[in-house]
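Now for the letters of each chain:
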Amino acid sequence: MTDLSHKPTLTGNLVTLRPPTADDAEAMTAVMADPDVARLTGSVTSSADLGVPPPLERSRDWYGSRGAADDRLDLVVVDKATDRVVGEVVLNSWDPDARSVNFRTMVGPEGRGRGLGTEAARLVLGYAFDQLGMHRVGLEVFDFNPRARHVYEKIGFVHEGTRRHALCFDGEWVDAHDMSILEHEWADHRGDS
């Protein structure tokens, strides 16, 4: 692998992960406007900013340009039951020498509580290790998001450490937990609890 320019479509039982287009901007803007998504991802630092979506035109430009990025992989999460975009998964901060990448995800209200995010994470991790040849996939999860941390642990991520006071939200300090999964752990676990 020389870069992340190939943009696959990955299919599971519940979700399809596919490259985003500018046409996905409206659905993704709605996901980003969800107060839980904004707070739990650390996208905003104040309750006053919750529910404020990014400008639609900026989202169109962003999602329309993801296919040209050769240093990251962005895929939208499509709920197979409704054929609607409910979130995204991203591999970014790629380090080709270390065969390492960061994992980031967000799933809006339409996709929560039904295992869609868990399946999406498993699919993209399988691609990262089995197709891209990654050695390590890391992530960060904020202390006020125990639901996400539970999912990450369930699919094989290991807690590496805590960065204290990594985010200030509404004047309160929030810790961030660094987690990772290594290729041999994925080979043994395959994301199954």
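Thresholds, definitions, all that
Residues numbered from 1 in each chain as written. Predicted model: local features only at pLDDT ≥ 70, side-chain atom pairs only at ≥ 80, totals over all residues. Heavy atoms only, no water. Pairing = 2+ DSSP bridges. Helix = DSSP H or I, 4+ residues; strand = E, 2+ residues; numbered from the N terminus. Buried < 20%, exposed > 50% of the residue type's maximum accessible area, 1.4 Å probe, protein only. Arc of directions from axis to C-beta. Contact = heavy atoms within 4.5 Å.

1. Quick look at the sheet that holds strand 2 (residues 15-18)
So, step 1. On the basis of which strands lie adjacent, the open sheet formed by eight strands has the order 1-2-3-4-5-6-8-7 and mixed pairing. Strands at the two margins of the open sheet, each flanked by one partner only, are strand 1 (10-11) and strand 7 (158-169).
So, step 2. As paired strands, strand 1 and strand 2 are joined by two bridges and run antiparallel to one another. If you follow leucine 10 over to strand 2, its bridge partner there is leucine 17.

2. So, helix 5 (residues 146-154)
So, step 1. Among all positions of helix 5, only Ala148, Val151 and Tyr152 are buried. Burial along helix 5 is one-sided: seen end-on, the buried residues are contained in an arc of 100°. Opposite the buried face of helix 5, at more than 90 degrees from it, the exposed residues are Pro146 and Arg147.
So, step 2. If you follow the buried residues of helix 5, they end up packed against strand 5 (100-107), helix 4 (116-131), strand 6 (136-142) and strand 8 (172-182).

3. What to know about the pairing of strand 7
So, step 1. Here strand 7 runs beside strand 8; their pairing, made up of eight bridges, is antiparallel. For phenylalanine 169, the partnering residue across the bridge sits in strand 8 and is glutamate 172.

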